[in-house]
Amino acid sequence: AATGGRGGGVTISAGSGTSGAGAGASLRSGRSAVLTGGGVCAESGEGTQTSSGMVAIRAANGGAAGASGRLVFSSGSSSTGNSGAVSIGSGAATGGRGGGVSVAVGSGTSGSGGALTAAAGRSAATTGGRVGVRGGEGTQTSSGTVAVASSNGGASGASGLLAFSSGSAKTGNSGAVLVGSGAASAGRGGAASVCVGSGTSG
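Sequence order sets the numbering: in each chain, residues are counted from 1 along the sequence as written. With pLDDT at 70 or above as the cut-off, local features in this predicted model cover only qualifying residues; side-chain atom pairs require 80 or more to be listed or tallied, and sums for whole chains, interfaces and linings still use all residues. Side-chain numbers here rest on the full set of heavy atoms in the structure, without hydrogens or water.

Trainee: Quick rundown of the overall build of the chain? Include the residues and the values.
Mentor: Only DSSP runs of H or I with at least four residues qualify as helices, and only runs of E with at least two residues qualify as strands; both kinds are numbered from the N terminus onward. The helix and strand inventory of the chain stands at zero helices and zero strands. A compact globule built from 202 residues would reach a C-alpha radius of gyration of about 17 Å, whereas the chain, at 25 Å, exceeds it by more than 25%. The C-alpha extent of the chain, read off along each of the three principal axes, is 65 × 50 × 45 Å. For each residue, the accessible area found with a 1.4 Å probe, counting protein chains only, is set against the maximum for its type, and the residue is called buried under 20%, exposed over 50%, and partly exposed in between. Counting every position in the chain, which comprises 202 residues, the buried fraction comes to 0%. Throughout, a residue-residue contact means that at least one pair of heavy atoms, one from each residue, lies within 4.5 Å. A fraction of 0% describes how many contacts in the chain between residues 6 or more apart in sequence connect residues 24 or more apart. In these tables, accessible area is a Shrake-Rupley quantity obtained with a 1.4 Å probe, and a residue counts as shielded only by the protein chains included in the view. When the accessible surface of the chain is split by element, carbon and sulfur atoms take 48% of a total near 19200 Å². Put simply, the radius of gyration uses C-alpha atoms, and a globule should come to 2.2 Å times the residue count raised to 0.38.

If you want it as structure tokens, here you go:
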């Protein structure tokens, strides 16, 4: 610790080389045969008067003939119980806005654009997992918008397909598809509109 300046930095780095793959760097907690294994914590420093420090986890850029490294956030498997959850979120704010969370696929100059998939877990015994997308509550004003849209098509292509569909069922009813607005206690219920876009040919 330092009382009149900055605390000293700590750097852990693997050595570079000119042939073969680069050296790896591993940070791993201890294993336990009887209780919970050790935790790994990467936390930035607190700023008691200003902002806290940033935590950056990223793969380096790829070279002229290769791709950038893969980035994996995953919990381990479990043989007799639930696997661990993966939580990504920003903290609450008492005097400002909560921080945004963005998940985006990078753009490219050749081939199809990269896919973004959100899929709930499969169950061999009961109901599969749920996928929920919800706008934030506005306790004093309006709640947040939820927008699901495909991007505009280019000069010689169509815009992307937008599909809302339930899956098929082998021995029972397939799932319903519901589109509607919520109830209102002191005003009008919101409208629900389905319309076809206009065109200039055909």
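Trainee: Outline the layout of surface pockets, listing residues and values.
Mentor: By rolling a water-sized probe across the atoms, one finds the places where empty space is left. Grid points spaced at 1 Å and placed over the protein atoms alone form the basis of the search, with a cavity being a set where a 1.4 Å probe fits but cannot get out and a pocket an open set showing protein on both sides within 12 Å along at least five of seven lines. Lining residues have an atom within 4 Å of a point. Grid points are joined across faces, edges and corners, and a volume is the space filled by probe spheres set on the points. Considered as a void within the structure, the largest pocket measures approximately 810 Å³ in volume. In this structure, the largest pocket is lined by 16 residues; those nearest its centre are Thr117, Ala118, Val131, Gly132 and Val133.

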